[in-house]
Amino acid sequence: AQSVTQLGSHVSVSEGALVLLRCNYSSSVPPYLFWYVQYPNQGLQLLLKYTTGATLVKGINGFEAEFKKSETSFHLTKPSAHMSDAAEYFCAVENNAGNMLTFGGGTRLMVKP
Amino acid sequence: DTEVTQTPKHLVMGMTNKKSLKCEQHMGHRAMYWYKQKAKKPPELMFVYSYEKLSINESVPSRFSPECPNSSLLNLHLHALQPEDSALYLCASSPGRQTMNTEAFFGQGTRLTVV
């Protein structure tokens, strides 16, 4: 079975600083991995995904993530935080059958002026 | 059109009421999902429909009854709910593994309050 662990339920950065949100996964097969963002009282919006191919994946809003098989990690980064990046971020892994996402516990990103 | 539309956006219901949540997508996706999300928690899978057939039921109480009338629509019928069922209910859809495009699109959710 797949599982996802997000280290740090809350991350606070200053505007303009580097954003690093950590995600580690467990999967018995090559995983499909996703990062979603959720703003208050909203649904989830896909930031980026890794399926196959290039391990550095670029997404929307300047975010990117790198799949590292040796570390079973898929950390999310952004070089310079904006106030509008404040939200909840979820890492997710898809199951073998391709019909179910398992989410990590989420990380709330706070951006200070 | 890459939208998943959920109605209503907000719903307040009593414990003896019967209500339904609706979800619609026109992306040609063949998998549709219901998730429940409590405050400050990740979404928890409730049901999966694949090609209009229920493929996953995550041991959800029978007071929640899903229905997939066609490939574009997904309903969640609610009856005799409890206050602890209050949550954000999210609908999602995805193309299905066959296309190798596994991105799931989520609706904005229905905020349900049971009183």
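As the structure is a computational prediction, the values presented were derived from the model and not from experiment.

Draft legend 1. Highlighting the overall build of chain A. Along its length, chain A carries zero helices and twelve strands. If you list the helices and strands of chain A from N to C, you get β-β-β-β-β-β-β-β-β-β-β-β. The buried share of chain A, taken over its 113 residues, is 47%. In chain A, of all internal contacts separated by at least 6 residues, the share reaching a separation of at least 24 is 55%. When the accessible surface of chain A is totalled, it reaches about 5,100 Å², and 54% of it is carbon and sulfur.

Draft legend 2. Representation of the layout of surface pockets within the structure. Reported here for the second largest pocket is a volume of approximately 280 Å³. Lining the second largest pocket we find 15 residues, and of these Q38(A), N41(A), R108(A), A39(B) and K40(B) sit closest to its centre. Partitioned by chemical class, the residues of the lining of the second largest pocket number five nonpolar, four polar and six charged.

Draft legend 3. Local environment of the interface of chain A and chain B. Taken together, the contacts link 23 residues of chain A with 23 residues of chain B. Across the interface of chain A and chain B, roughly 1,800 Å² is buried in total on both sides, 49% from carbon and sulfur atoms. For the interface between chain A and chain B, the tally reads one salt bridge. Among the ionic pairs, E103(B) bridges to K49(A), the shortest N-O distance being 3.9 Å. Here chain A and chain B share three residue pairs in polar contact (both at pLDDT 80 or more) between them. Those elements giving two or more residues to the side of chain A that touches chain B turn out to be β5 (33-38), β6 (44-50), β10 (87-94) and β11 (101-103) of chain A.

Draft legend 4. Region of interest: unusual backbone geometry. All names here are of chain B. Of note, the amide linkage connecting T7 to P8 takes the cis form, showing an omega dihedral of -10°. With respect to the secondary-structure elements, P8 resides in the loop between β1 (4-7) and β2 (10-13). Residue K40 is not a glycine yet carries a positive backbone phi of 60°. Relative to the assigned elements, K40 resides in the loop between β4 (31-37) and β5 (44-50). You will see that S59, though not glycine, has its phi angle at about 55°, which is positive.

About the criteria used
Residues numbered from 1 in each chain as written. Chains lettered and ligands numbered in written order. Predicted model: local features only at pLDDT ≥ 70, side-chain atom pairs only at ≥ 80, totals over all residues. Heavy atoms only, no water. Helix = DSSP H or I, 4+ residues; strand = E, 2+ residues; numbered from the N terminus. Buried < 20%, exposed > 50% of the residue type's maximum accessible area, 1.4 Å probe, protein only. Contact = heavy atoms within 4.5 Å. Areas by Shrake-Rupley, 256 points an atom, 1.4 Å probe, with all protein chains shown as cover. 1 Å grid on protein atoms, 1.4 Å probe; cavity = no way out; pocket = protein on both sides within 12 Å on 5 of 7 lines; lining within 4 Å. Points joined across faces, edges and corners; volume = space filled by probe spheres on them. Nonpolar A, V, L, I, M, F, W, Y, C, P; charged D, E, K, R; others polar. Buried area = accessible area lost by both parts, 1.4 Å probe. Salt bridge = Lys/Arg side-chain N within 4 Å of Asp/Glu carboxyl O. Polar contact = N/O pair within 3.5 Å; in protein donor to acceptor, adjacent residues only side chain to side chain.

On their own, these measurements won't tell you what the molecule is for.
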